[in-house]
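Survey of secondary and tertiary structure
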Amino acid sequence: MTPPGGTRMVTDLTTDTKHQDGAAGFLYALSAFLLWGTFPIYWKQMQGVSAFELIAHRIVWSLFFLLLVQAWRRRYGAMLAAFTSWSSFGVNLLSSVLLTANWTIYVWAVNRGNVIESSLGYFLVPIANVAIGSLLLHERLRPLQWCAIAFAAAAVALLLFGVGHVPWIALSIAATWAGYGFLKKKSPLGPIAGLTIETFVLFPLAAAALFWWHHTGEGALGRVDARTHAFILCAGIVTAVPLLLFASGAQRLRFTTLGLLQYVSPTVQFLLGYFLYREPFSSSQFVAYALIWSGLILYSADGFWSQRKRL
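The sections below set out a description of the structure shown in this document. (Residues numbered from 1 in each chain as written. Predicted model: local features only at pLDDT ≥ 70, side-chain atom pairs only at ≥ 80, totals over all residues. Heavy atoms only, no water.)

1. Quick notes on the packing of helix α4 (residues 86-111) against helix α8 (residues 191-216)
α8 packs onto α4 with a crossing angle of 85° between their chain directions and a minimal axis gap of 9 Å. Taken together, the axis directions place α4 and α8 in an arrangement best described as roughly perpendicular. Taken together, the residues of α8 that come into contact with α4 (itself represented by F89, N92, L93, S95, S96, V97, L99, T100 and W103) are L195, I197, E198, V201 and L202. Taken together, the residues of the contact of α4 with α8 break down into nine nonpolar, four polar and one charged. (Axes fitted to C-alpha atoms, helices over the stretch in contact; angles between N-to-C directions. Helix = DSSP H or I, 4+ residues; strand = E, 2+ residues; numbered from the N terminus. Parallel < 35°, antiparallel > 145°, perpendicular 65-115°, else oblique. Contact = heavy atoms within 4.5 Å. Nonpolar A, V, L, I, M, F, W, Y, C, P; charged D, E, K, R; others polar.)

So, in structure tokens, the structure goes:
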């Protein structure tokens, strides 16, 4: 027999639990995006090391750290889904190649002084996702989504004719990350298991490259100062910690909230490039970025309204 007010008490407890989960999820996701946004500071500590070697270290040390995480979570069985068929393995292999390409371009660009253009690439990702949905999945675009794509195309054209070069860094980052996201939708693995398999697949190549560079005297380990060694060896932790925070936040937040938070990372990167590293930013670039931001506002508004209609 339910005591008087019992049902109301249970409802209040459930509501409080949801609020607590939502608040915790927001903090987890925000922390992940803030960490990703400050990554340029980390990679610039190793400017004397080539981007290819840094990514090889990132793959090797990430695998060791992720295997420890999987052992702690007791989720080794979840990774077996990647080897159940050739198609599943192929999807994870291709996603690992796209992820590595994205990392390499990003690290190379940051250490070359292109933090601002790198941030543009991640601002373009949501719009690139819409374009992929239309071209590959034959999804029908809503009017505001078409407007967002038009704004992005106008911004790229302005950078091409106003600044005088194709923003290939931004376009490459957006294309590889959007393609990676597209393949992740086809993978049966969760974010942690997926990243573990992706690093596992590339581990032999990365480890072989590091051994070769060390053998030929081109590798950093044993030839750089202790501070740089510490930064290199922490690559695995730096890779995995934001992803763990993101996974925890994604489980507790609405998709719309998570989608809006994703702009924190490129915004922080942009501010670092402009204020900390004093990268040049012309009036033409300002107009182009304003077009991108306008497109993102339309994209976010469209996502918000479409979700409200489904409720």
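2. A short note on helix α7 (residues 168-186)
Between its first and last C-alpha atoms α7 spans 27 Å; for 19 residues at 1.5 Å apiece the expected length is 27 Å, and the two agree. Restricting attention to buried positions, one finds in α7 the residues I169, A170, I173, A174, T176, A178, G179, Y180, F182, L183 and K184. Considering only its buried residues, α7 is in contact with α4, α5 (115-135) and α8. (Expected span 1.5 Å × (residues − 1). Buried < 20%, exposed > 50% of the residue type's maximum accessible area, 1.4 Å probe, protein only.)

3. Structural notes on unusual backbone geometry
Residue R278 is not a glycine yet carries a positive backbone phi of 55°. For R278, a relative accessible area of 65% gives the class exposed.

4. A look at the packing of helix α3 (residues 51-73) against α4
With their axes 9 Å apart at the nearest point, α3 and α4 run at an angle of 130° to one another. Accordingly, the angle class assigned to the pair α3 and α4 is oblique. The two elements α3 and α4 meet at a crossing, and its hand is right-handed. Along the contact surface, α3 presents A51, F52, L54, I55, R58 and I59, while α4 presents T100, W103, T104, V107, W108 and N111. Here the contact of α3 with α4 is built from residues that sort into eight nonpolar, three polar and one charged. (Left-handed = near helix turned anticlockwise from the far one by under 90°.)

5. Structural notes on the nonpolar core
The tendency in soluble globular proteins is for nonpolar side chains to be buried as a group. Core analysis: the biggest nonpolar cluster contains 56 residues, and W43, Y106 and I292 have the highest contact counts within it. In this structure, F33, L253, L258 and V268 belong to the second largest nonpolar core, which totals eight residues. (Core = buried A, V, L, I, M, F, W, Y, C linked by side-chain atoms within 4.5 Å.)

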